[in-house]
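Residue-level structure breakdown
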Protein chains: 2
Amino acid sequence: MNSPKLIPSRDAKKAHFDAETIYPILDEALYCTISYCVDKQPYSIPTAFVRYEDKIYIHGSVGSHFIRTIEKGLPVCVSVTLMDGLVIAKSAFSHTVNYRSVILFAEAEKIEEIDLKKAALEWLTEKIVPNSWDYLRPMTDSELRKTTALAFKIDQASAKIRTGMPNDEPEDKELPIWSGVIPIQQQRLAPVADESSQVIPLPEHLML
Amino acid sequence: MNSPKLIPSRDAKKAHFDAETIYPILDEALYCTISYCVDKQPYSIPTAFVRYEDKIYIHGSVGSHFIRTIEKGLPVCVSVTLMDGLVIAKSAFSHTVNYRSVILFAEAEKIEEIDLKKAALEWLTEKIVPNSWDYLRPMTDSELRKTTALAFKIDQASAKIRTGMPNDEPEDKELPIWSGVIPIQQQRLAPVADESSQVIPLPEHLML
């Protein structure tokens, strides 16, 4: 992957540029935040996405202002953050968080090829709920026409990761103040059926 | 709060502009994503923040490239997203997510007044770990000098919220396909002590 010169070097020792580090973070995140500029004004929109090979894909309504703005190939910054823990030091100054984040710079490619668009929507659905695509009512041509899919190449990207315990100042380490980590976890809870599904068996792919 | 003309009207019926809706979302989120533009190139950085009255506050090292870029008063877009659930419809097309998000447009005010800077760091610490500030080793003047705190006024902001069950197409409602919601929750797990804290009692404010 290219070294992304564009990236603010906030903390160079936490930076990673390899797919082995970046892809799993993208694959775990349920959404990304996409930023773009219009007349020096930044805008950010959270949206679902999926990585497939060396691109990420998003989708939206063909009428969406956001999609119509960025589909022209505007430079975007895609940001993904996974919070893993609160790092509780002996001083407030040394408090921090454990996290895994990715920043990606790219320009949208609009997916015109209908089979690729359909595939992108399948990848997206399968990412959020694995093994669900074939169970669902098939997508119609009209739905495909109403949807825009955009791809962004992952070639200017970096990950930043912090793990482990606090780094208290040497002179603080002996203080009788508790320090450590409070892990944070995002959990999927038990599915809740809507009115139309009270007597429909929960399919296997939705069981916890 | 002013009506934020700047906001892309992706889905006007989900938009809210009142503090009663916006503040609790800001108060629950552990981090925000701050976007800014330099020469038409967007950048995004995730960072901890706290709301106090009608402003949000962030902090960073005085040497941070990110802080030094935005402290001059560049327009920024602050994005906060809380994921509440996966909305599983009978068609992929009607799949969506339940979420609460805030978008805020502002320009940084650099906090020069030392007591306010210290207060902002206290609010930030207390947000992440309530009742912890007085327990920690007090902040030193040197630590305060090494830290920049920035404030952003919450007067061009909007929240977007989706709750509830899927909105399947009327002709899909009778299909024998399970639909409903998979709630998503972010949890704090049991604290893990570091080596220096094995025999230090866990303080009450850190107990689950």
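Residues numbered from 1 in each chain as written. Chains lettered and ligands numbered in written order. Predicted model: local features only at pLDDT ≥ 70, side-chain atom pairs only at ≥ 80, totals over all residues. Heavy atoms only, no water.

Under an unreviewed UniProt entry, chain A has the name Pyridoxamine 5'-phosphate oxidase and belongs to Siphonobacter curvatus.

Turning our attention to the relation of the copies chain B and chain A. Note on the identical chains: chain B maps onto chain A by a rotation of 180° and an axial translation of 0.0 Å, with an RMSD of 0.0 Å. Those values place the two copies in the arrangement expected of a two-fold rotation axis. For chain B, the minimum C-alpha distance to the rotation axis belongs to Gln186 of chain B and amounts to 2.2 Å. (Least-squares fit on C-alpha atoms with pLDDT ≥ 70 in both.)

This part takes up the state of the cysteines. Cysteine pairs can be linked by a disulfide, which is a covalent bond between their two sulfur atoms. All chains considered together, the criterion is met by one disulfide over all chains. In this model, Cys37 of chain A is linked to Cys37 of chain B through a disulfide, with the two sulfur atoms separated by 2.2 Å. Taking the torsion about the S-S bond as the criterion, the Cys37 of chain A to Cys37 of chain B disulfide, at about -110°, is left-handed. Placement of Cys37 of chain A in strand E2 (residues 32-38) and of Cys37 of chain B in strand E2 (residues 31-38) is noted, with the two residues assigned to different chains. Assessed through its relative accessible area of 9%, Cys37 of chain A is described here as buried. Cysteine Cys77 of chain A is unpaired, with the sulfur of Cys37 of chain A as its nearest cysteine sulfur at 9.1 Å. (Disulfide = S-S within 2.5 Å. Helix = DSSP H or I, 4+ residues; strand = E, 2+ residues; numbered from the N terminus. Buried < 20%, exposed > 50% of the residue type's maximum accessible area, 1.4 Å probe, protein only.)

Moving on, we get to the environment of Asn98 of chain B. All names here are of chain B. Structurally, Asn98 is set in strand E7 (residues 96-107). When near neighbours in sequence (up to four residues on either side) are disregarded, Asn98 contacts Leu82, Met83, Asp84, Gly85, Val87, Arg162, Thr163, Gly164 and Val181. Within the local environment of Asn98, its side chain forms a polar contact with the side chain of Arg162, the two groups lying 2.7 Å apart. (Contact = heavy atoms within 4.5 Å. Polar contact = N/O pair within 3.5 Å; in protein donor to acceptor, adjacent residues only side chain to side chain.)

Right, let's get into the interface of chain B and chain A. Each partner contributes residues to the interface: chain B has 77 residues there, and chain A has 78 residues. Carbon and sulfur atoms make up 68% of the area that chain B and chain A hide from each other, which totals about 7,200 Å². Across the contact surface, chain B and chain A share two salt bridges. Measuring nitrogen to oxygen at the nearest pair gives 2.6 Å for the salt bridge that ties Arg137 of chain B to Asp172 of chain A. Scanning the region where chain B abuts chain A turns up 26 residue pairs in polar contact (both at pLDDT 80 or more). In terms of residues, the side of chain B that touches chain A owes the most to one element, strand E11 (residues 180-188) of chain B, which gives nine residues. (Buried area = accessible area lost by both parts, 1.4 Å probe. Salt bridge = Lys/Arg side-chain N within 4 Å of Asp/Glu carboxyl O.)

Moving on, we come to the sheet that holds strand E9 (residues 147-153) of chain A. Residue and element names in this part refer to chain A. The four strands lie next to each other as E4-E5-E9-E8, forming an open sheet whose pairing is antiparallel. Each edge of the open sheet carries a strand with a single partner, namely strand E4 (50-52) and strand E8 (109-110). Relative to E9, E8 runs antiparallel, the two being bridged by two bridges. Bridge pairing in E9 links Lys110 to Leu150. (Pairing = 2+ DSSP bridges.)

Turning next to unusual backbone geometry. Not every positive phi belongs to a glycine, and Asn131 of chain A is a case in point at roughly 65°. Within the fold, Asn131 of chain A resides in the loop between helix H3 (114-128) and helix H4 (141-145). Under the relative-accessibility criterion, Asn131 of chain A is labelled exposed at 59%. The backbone of Lys40 of chain B shows a phi angle near 70°, a positive value even though the residue is not glycine. Tracing the chain through its elements places Lys40 of chain B in the loop between E2 and strand E3 (41-48).

When pLDDT drops low, the exact placement of atoms in the prediction is not to be read closely. Looking at chain A as a whole, the pLDDT averages 94, with 94% of positions reaching at least 70. The low-confidence segment residues 1-10 of chain A (pLDDT under 50) makes 31 contacts with residues lying over four places distant or belonging to another chain. (pLDDT = per-residue confidence, 0-100.)

Before going further, it helps to spend a moment on the pattern of salt bridges. Considering all chains together, one arrives at 16 salt bridges over all chains under this definition. Of the charged contacts, one joins Glu71 of chain B and Lys110 of chain B as a salt bridge, the two residues approaching to 3.4 Å between their closest N and O atoms. Within this pair, whereas Glu71 of chain B is found in the loop between helix H2 (65-70) and strand E6 (75-88), its partner Lys110 of chain B is found in strand E8 (residues 109-110), the two being separated by 39 residues in sequence. Sharing partners across several salt bridges, the network here consists of Glu28, Asp84 and Arg100 of chain A.

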